[in-house]
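Structure at a glance
The residues making up each chain are set out below.
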Amino acid sequence: MTRVLVLNGPNLGRLGAREPEVYGSATYEDLVSLCTNEGSALGLDVDVRQTDDESELIGWLHEAADDRLPVVLNPAAFTHYSYALRDAVAQRTAPLVEVHISNPAAREEFRHTSVISAVATGSIAGFGTQSYVLALRSLATAR
Ligand code: DQA
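Here the structure is a predicted model, which means the values were calculated and not measured.

**Quick word on the overall build of the protein**
Of regular secondary structure, the protein possesses five helices and five strands. Helices (α) and strands (β) of the protein occur, in sequence order from the N terminus, as β-α-α-β-α-β-α-β-β-α. Over its C-alpha trace the protein gives a radius of gyration of 14 Å, about what one expects of a compact globule, namely 15 Å for 143 residues. Each of the 143 residues in the protein was classed as buried or not, and the buried ones make up 46%. Partitioning the contacts of the protein with sequence separation of at least 6, the portion at a separation of at least 24 is 78%.

Here it is in structure tokens:
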């Protein structure tokens with residue numbers, strides 16, 4: 001079974017409590033269930049992780065690169081300024097889909113820049129937690 005890492009950056013562990021008018025009422029635990037259930041339906045072994053720590057997230061991207069694992073990545077606020085994360089994504093050896101729950105292009109100006117998009121396989125944003133489902137489906141067909 002193909003393993004997929006679903007990696008989440010800072011503040012995403014607070015889904016449900018965090019600005020529900022922007023990010024919805026689903027909790028992080030709901031997101032984990034959504035991804036693992038969709039993964040089972042698609043025949044993917046999905047490993048969902050979250051960290052507030054840039055260096056831990058970069059370490060997981062190195063692991064994905066070394067093990068040739070496809071990735072769904074929500075870089076959260078790192079999207080907009082982390083060249084270190086961008087350089088880690090650039091080392092990818094398998095497809096990587098950048099996802100966002102909200103649509104950053106429709107929000108504050110600083111969210112209009114993604115330093116990740118140019119090194120991702122593609123990006124999906126604005127569909128709530130369904131963005132992750134769409135990303136997993138795209139990886140299942142990219143195999
Ligand atoms: C986000 C959008 C980012 O701008 C924000 O910093 C996040 C979440 C999203 O999923 O909509 O933390 O990546």
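**Side note on the packing of helix H2 (residues 28–42) against helix H5 (residues 130–142)**
Relative orientation of the contacting elements H2 and H5 amounts to 25°, with a least axis distance of 10 Å. When the axes of H2 and H5 are compared, the pair comes out roughly parallel. The way H2 lies across H5 gives a crossing that is right-handed. Counting all contacts with H2, which are made through Leu31, Leu34, Cys35, Glu38 and Leu42, the residues of H5 involved are Gln130, Tyr132, Val133, Leu136, Arg137 and Ala140.

**Considerations on the nonpolar core**
By size, the foremost hydrophobic cluster in this structure holds 22 residues, and its most contacted members are Val4, Val6, Cys35, Val46, Val72, Tyr132 and Leu136. Elements with a contribution of two residues or more to this core: strand E1 (2–8), H2, strand E2 (44–50), strand E4 (96–100) and H5. Within the second largest apolar cluster, 19 residues are counted, among which are Ile58, Ala64, Leu85 and Ile116.

**Description of helix H3 (residues 54–67)**
For the α-helix, the turn length of 3.6 residues means that residues three or four positions removed from each other point alike. The end-to-end C-alpha distance of H3 is 20 Å, a good match for the 20 Å that 14 residues give at a rise of 1.5 Å each. Listed as buried for H3 are Leu57, Ile58, Trp60, Leu61, Ala64 and Ala65. In an axial view of H3, the angular spread of the buried residues amounts to 155°, which keeps them on one side of the axis. Those residues of H3 that are exposed and angled more than 90 degrees off the buried face are Ser55 and Asp66. Contact partners of the buried residues in H3: E1, E2, strand E3 (71–74), helix H4 (83–89) and E4. The N-terminus of H3 is capped by Asp53, whose side-chain oxygen sits 3.0 Å from the backbone nitrogen of Ser55. Trailing H3 by a residue or two, Arg68 shows a phi angle of about 55°, which is positive.

Conventions adopted
- Residues numbered from 1 in each chain as written.
- Predicted model: local features only at pLDDT ≥ 70, side-chain atom pairs only at ≥ 80, totals over all residues.
- Heavy atoms only, no water.
- Helix = DSSP H or I, 4+ residues; strand = E, 2+ residues; numbered from the N terminus.
- Rg over C-alpha atoms; globule rule 2.2 N^0.38 Å.
- Buried < 20%, exposed > 50% of the residue type's maximum accessible area, 1.4 Å probe, protein only.
- Contact = heavy atoms within 4.5 Å.
- Axes fitted to C-alpha atoms, helices over the stretch in contact; angles between N-to-C directions.
- Parallel < 35°, antiparallel > 145°, perpendicular 65-115°, else oblique.
- Left-handed = near helix turned anticlockwise from the far one by under 90°.
- Core = buried A, V, L, I, M, F, W, Y, C linked by side-chain atoms within 4.5 Å.
- Expected span 1.5 Å × (residues − 1).
- Arc of directions from axis to C-beta.
- Polar contact = N/O pair within 3.5 Å; in protein donor to acceptor, adjacent residues only side chain to side chain.

The values reported here are purely geometric and, on their own, carry no functional implication.
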